[in-house]
Amino acid sequence: MTAMAMNVAIRSAMDVMLGRDEDVVVFGEDVGYFGGVFRCTDGLQAKHGRHRVFDTPIAEGGIIGVAVGMGAYGLRPVVEIQFGDYVYPGLDQLISEAARLRYRSGGEFHAPLTVRMPVGGGIHGGQTHSQSPETFFTHVCGLKTVLPSNPYDAKGLLIAAIEDNDPVVFLEPKRLYNGPFDGHPERPVVPWAGHPLGEVPDDHYVVPLGQAAVRREGADVTVVAYGTMVYVAEAAAAETGVDAEIVDLRTLLPLDLDTIAASVAKTGRCVIIHEATRTSGFGAELSAVVQEHCFYDLEAPIVRVTGWDPPYPHAQEWDFFPGPARLGAALQAVMEP
Amino acid sequence: MALQFRVPEPPARPGEEPDFSYLDIPAAGAVDRPPVDVHQTSIRDLAWTMIRVLDDDGAAVGPWAPDVSPDELRTGLRAMNTTRKYDERMLTAQRQGKASFYMGCTGEEAIAVGQARELGPRDMCFPTYRQQGWLIARDWPLVDMACQVFSNEKDRLHGRQMPIMYSARDAGFFSISGNLGTQYIQAVGWSMAAAIKGDDCIAVGMIGEGATAEADFHHALTFAATYDVPVILNIVNNQWAISSFQGIAGGNHATFAARALGYGIAGLRADGNDYLAVLAATRWARARAVAGVGPTVIEWITYRAAAHSTSDDPSRYRPKDEWQAWPLGDPIERLERHLTQAGEWSEEQGRDTRAEIAAHVRAAIKEAESYGTLLDGRQASAKSIFDDVFEEMPPHLRHQRDELEALQALQREGAET
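(A) Up close: the overall build of chain A. When its secondary structure is counted, chain A shows 12 helices and 14 strands. In terms of overall size, chain A behaves like a compact globule, its C-alpha atoms giving a radius of gyration of 19 Å where 337 residues would be expected to give roughly 20 Å. With respect to the three principal axes, the spread of C-alpha positions in chain A is 60 × 45 × 40 Å. When the 337 residues of chain A are sorted by exposure, 64% land in the buried category. The long-range fraction of contacts in chain A, counting pairs at least 24 apart against all pairs at least 6 apart in sequence, stands at 78%. Positive and negative side-chain charges of chain A, numbering 24 and 43 respectively, have mean locations separated by a distance of 3 Å.

(B) Focus on the overall build of chain B. Counting secondary structure elements, chain B contains 11 helices and seven strands. The C-alpha atoms of chain B give 23 Å as radius of gyration, which agrees with the globular expectation for 417 residues (22 Å, within 12%). The buried share of chain B, reckoned over its 417 residues, is 55%. Put simply, of all contacts in chain B between residues at least 6 apart along the chain, 75% involve residues at least 24 apart. About 17,400 Å² of surface is accessible on chain B, with carbon and sulfur atoms providing 49% of the total. Positive and negative side-chain charges in chain B, numbering 41 and 58 respectively, have mean positions lying 2 Å apart.

(C) Examining the packing of aromatic side chains more closely. Scanning the entire structure with this criterion turns up 26 aromatic pairs over all chains. Aromatic side chains A:Tyr312 and A:Phe320 sit 4.3 Å apart centroid to centroid with 40° between the ring planes, which places their arrangement in the tilted category. Judged by its relative accessible area of 5%, A:Phe320 falls in the buried class. Among the aromatic residues, ring-to-ring pairing joins A:Phe27, A:Phe54, B:Phe223 and B:Tyr227 into one connected group. Over the ring of B:Tyr371 we find B:Lys154, and its NZ or CZ is 4.9 Å from the ring centre. Above the plane of the ring of A:Tyr103 lies B:Arg160, whose end atom (NZ or CZ) is 4.6 Å from the centre.

(D) Summary view of the interface of chain B and chain A. Between chain B and chain A, the residue contacts involve 42 residues of the former and 42 residues of the latter. The junction of chain B with chain A conceals about 3,600 Å² of combined surface from both sides, 62% of it contributed by carbon and sulfur atoms. Put simply, chain B and chain A have one salt bridge between them. Inspection of the region where chain B meets chain A yields 24 residue pairs in polar contact (both at pLDDT 80 or more). The leading source of residues in the side of chain B that touches chain A is helix H5 (residues 182–196) of chain B, at nine residues. Residue composition of the side of chain B that touches chain A, grouped by class: 20 nonpolar, 12 polar and 10 charged.

(E) Structural detail: the packing of H5(B) against helix H6 (residues 215–226) of chain B. All names here are of chain B. Packing of H5 against H6 leaves a shortest axis separation of 7 Å and a crossing angle of 20°. When the axes of H5 and H6 are compared, the pair comes out roughly parallel. For H5 against H6, the interelement crossing comes out left-handed. Contact residues: H5 offers Thr182, Tyr184, Ile185, Val188 and Met192, while H6 offers Asp216, Phe217, His219, Ala220, Leu221, Phe223 and Ala224. When its residues are assigned to classes, the contact of H5 with H6 shows nine nonpolar, two polar and one charged.

(F) Quick look at the sheet that holds strand S4 (residues 76–80) of chain A. Residues and elements named next belong to chain A. Ordered by their spatial adjacency, seven strands build an open sheet running S3-S2-S4-S5-S7-S6-S12, and the pairing between neighbours is mixed. Of all the strands in the sheet, just strand S3 (53–55) and strand S12 (251–253) have a single pairing partner and so form its edges. Between one strand axis and the next, the sheet turns through 20° on average, direction left out of account. Sheet analysis places strand S2 (residues 24–28) next to S3, joined by three bridges and oriented parallel. Among the inter-strand pairings, Val26 is bridged to a residue of S3, identified as Val53.

(G) Quick look at the side chain of A:Arg11. Residues and elements named next belong to chain A. As for its placement among the helices and strands, Arg11 is situated in helix H1 (residues 6–20). Look at Arg11: it is buried, it has no salt bridge, and the nearest opposite charge is Asp42 at 4.4 Å. Discounting residues that sit within four places of it in the chain, Arg11 has contacts with Arg39, Cys40, Thr41, Asp42 and Leu44.

(H) Expanded view of helix H8 (residues 229–240) of chain A. Residue and element names in this part refer to chain A. Counted at 1.5 Å a residue, the expected span for H8 with its 12 residues is 16 Å, and the 16 Å between its end C-alpha atoms agrees. Listed as buried for H8 are Met229, Val230, Tyr231, Val232, Ala233, Ala235, Ala236 and Ala237. The elements touched by buried residues of H8 are strand S9 (213–216), strand S10 (221–225), strand S11 (244–248), strand S13 (270–277) and helix H12 (324–335). Directly beyond the C-terminal end of H8, a positive phi value near 80° is found at Gly241.

(I) Region of the structure containing helix H4 (residues 142–150) of chain B. Residue and element names in this part refer to chain B. In terms of residue burial, H4 counts as a mostly covered element, since nine of its nine residues are buried. Turning to H4, its buried residues are Leu142, Val143, Asp144, Met145, Ala146, Cys147, Gln148, Val149 and Phe150. Check the buried side of H4 and you find it contacts helix H1 (70–95), helix H3 (132–137) and helix H10 (347–370). Note on H4: the residue one or two positions beyond its end, Ser151, has a positive phi of about 50°.

(J) Summary view of a nonpolar patch on the surface. A cluster of nonpolar residues, B:Phe5, B:Val7 and B:Ile248, forms a patch on the protein surface that exposes about 370 Å² of accessible area. Here B:Val7 lies in the segment before H1.

(K) Inspection of the packing of H1(B) against helix H2 (residues 109–118) of chain B at higher detail. Residue and element names in this part refer to chain B. At their nearest, the axes of H1 and H2 sit 10 Å apart, and the two run at 135° to each other. On the basis of the axis angle, H1 is oblique to H2. H2 is crossed by H1, and the crossing has right-handed handedness. Residue-level inspection shows Glu72, Thr75, Gly76, Ala79, Met80, Thr83 and Arg84 of H1 in contact with H2, the latter providing Glu109, Ala110, Val113 and Arg117. Looking at the contact of H1 with H2, its residues break down into four nonpolar, three polar and four charged.

(L) Structural detail: the pattern of salt bridges. Residues and elements named next belong to chain A. Enumeration according to the criterion identifies 44 salt bridges over all chains in this entry. In this structure, the salt-bridge partner of Asp153 is Arg250, at a minimum N-O distance of 2.9 Å. In this pair, Asp153 sits in helix H7 (residues 151–163) while Arg250 sits in the loop between S11 and S12, placing the two residues 97 residues apart along the sequence. Arg250 matches Asp153 in its accessibility class, with the two residues each being buried.

(M) Local environment of the pairing of strand S7 (residues 296–301) of chain B. All names here are of chain B. Counting buried residues along S7, six of its six residues qualify, which places the element largely inside the surrounding structure. Residues Thr296, Ile298 and Trp300 line one face of S7 and the alternating positions Val297, Glu299 and Ile301 line the opposite face, and both faces are buried. Note: strand S3 (residues 231–237) against S7, six bridges, orientation parallel. The partner of Asn234 across the bridge, within S7, is Ile298. Bridge analysis of strand S6 (residues 266–271) against S7 gives six bridges, and the strand direction is parallel. Bridge pairing in S7 links Ala266 to Thr296.

(N) Geometry of the environment of B:His158. Residue and element names in this part refer to chain B. Note that His158 resides in the loop between H4 and H5. Setting aside chain neighbours within four positions, we find His158 in contact with Ala380, Ser384 and Asp388. Side-chain polar atoms of His158 contact the backbone oxygen of Arg156, separated by 3.4 Å.

Conventions we followed
Residues numbered from 1 in each chain as written. Chains lettered and ligands numbered in written order. Predicted model: local features only at pLDDT ≥ 70, side-chain atom pairs only at ≥ 80, totals over all residues. Heavy atoms only, no water. Helix = DSSP H or I, 4+ residues; strand = E, 2+ residues; numbered from the N terminus. Rg over C-alpha atoms; globule rule 2.2 N^0.38 Å. Buried < 20%, exposed > 50% of the residue type's maximum accessible area, 1.4 Å probe, protein only. Contact = heavy atoms within 4.5 Å. Lys, Arg positive; Asp, Glu negative; His and termini not counted. Charge placed at Lys NZ, Arg CZ, Asp CG, Glu CD. Areas by Shrake-Rupley, 256 points an atom, 1.4 Å probe, with all protein chains shown as cover. Phe/Tyr/Trp six-rings, centres within 6.5 Å; stacked < 30°, edge-to-face > 60°. Lys NZ or Arg CZ within 6 Å of the ring centre and 35° of its normal. Buried area = accessible area lost by both parts, 1.4 Å probe. Salt bridge = Lys/Arg side-chain N within 4 Å of Asp/Glu carboxyl O. Polar contact = N/O pair within 3.5 Å; in protein donor to acceptor, adjacent residues only side chain to side chain. Nonpolar A, V, L, I, M, F, W, Y, C, P; charged D, E, K, R; others polar. Axes fitted to C-alpha atoms, helices over the stretch in contact; angles between N-to-C directions. Parallel < 35°, antiparallel > 145°, perpendicular 65-115°, else oblique. Left-handed = near helix turned anticlockwise from the far one by under 90°. Pairing = 2+ DSSP bridges. Expected span 1.5 Å × (residues − 1). Patch = residues over 30% accessible without salt bridge, like charges linked within 9 Å, V, L, I, M, F, W, Y side chains within 5 Å.

This is the structure we're talking about:
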């Protein structure tokens, strides 16, 4: 066991898999010699060789298209899109090709690729470095969508994603690479060292896809969260005294509806929080399934606390970012009789 | 002084005389054949000319004339004739309502057939929707092809794909996508993987000249050049992309092969209706790839004699008799002329072979029809639409499938009472 920051844990997952499976290859922009702009592949090329870990041209469509072709040959590509904000040129290859290949070929071909990308705000990155694009992927049948909130889950989920024979989109909340963040920017940065979920096994292990985790047990309200919002939820619960049960989804699709439904059946209230924009955000899907399955358990309407709809601003970072004040207010409101 | 916005127009529209004067056609045998390991900067001229082997009398001339046996040529000819007959019969089947859609490759048969015959058994073709000749040349069952077009009970793709979107891994034929150009960069990826593994097989990408405008084309050439990928990137220039002539893809300013030069890739341009040129240029490019030199782009000059598809009517945008005026002729006629001139074919053989093929194709299609067509609605089950999306069906798909089955059971009950 070693204390690892999230980016280090992600690196460890790739390191383990490169050593374990000779069909795994890692590539993307600046991931080879340099080790990635967020250091997620630091040292991997030197250790495993240029034919396993290498730099690519600046072409997200090319990166994912090449991964599809490699997967058809029999390799297991793990590619990095430098920022989730830049994935759009690659969406055709991901959605029209990778997601549908097994289906449209009657199982003759498939795309066992993993596409990693940093997502989310809280870093003053503006609209081209702060987006949360998860619903573009959850809307596509054939893709799995994963979003860890801590180093332990990140490594275990990434290994599971790499081993998965379906295409997996692995979203990394960049604000959490170096430490948990509860939405209070004025407080000193907290590293992962010392955090229980920053203790990571050195070798191979798996956190299964499709399973949520209850981060905090509670009786008053179910908060459904993922990524950075898990820590925002913890802060909001502490600051308001609302006894929130915090469900960390970890995998968005396939969704662990059982864990969510069991929690809502217990608490009778549901608040969903995500950084992504409100309209057609994943909270809309969650609201629909919770409503469908838990209507008679609910004491109050389902609430969504989300990023606002406009493009993610630069200067007004903390007005946009759904922080503990906004979530806290929602928790208190939902508890009102 | 005012700016001008110029929209290119094809040389001839409906009612006008066909005009192929824009095509510069050198004599057969006029172009040199360099060694396969030549540096791409030394052969830039090959991207601006046209490699031709068969002259107008059917003789094979010049340094590109390949060493190939008459038996092998007859096998290729048979595959081309079978492709043409299959296209003809499937077109008829579509008009009879047995299939929803069909796409023929009339006039372009030499390219897919020739490459399929010339390339290795483990080489992988990343096709467009007009390389059915590859499957036929590799003896993939015609019955299975027709079953896919009919989306019937024996369709290997379980009705999931539109007609002609075949997949045939065992024939080295990647699953066809409806999105243009996506296969091109995938072919590069496949070849990169083969190189990483030290394998000895390559991928070939196919793309139409119209689709070279897509981003995937540029990604393919960039990646192929960056890593010296052992891949063949074919551009099938059949002059038309639905109603858009090749000028709409930028063809008026440069050949499509010449795009390779900007990326630092060897570019060949060849007569796509010349079966021997197809074999020869393919052989050169494959040798270049497996020798570790790098990629080759080959532009094949041909003509889309067929409509784009059964949903298309070319008489609305090009002269009706344009194919008759096509200067590079019919690939089947030209190969037959060559074999006849060499004493390896006769008109009688041609008649017999075509009759044999017609019977074979008719029998295959008849068998396929026995498993269902659009007319009788025999197809894969509704519940099967949830299979094979993921390796293992996740709960939410299972629930959707259960919901569909319950609804259909209710409808059946309602119908019975």
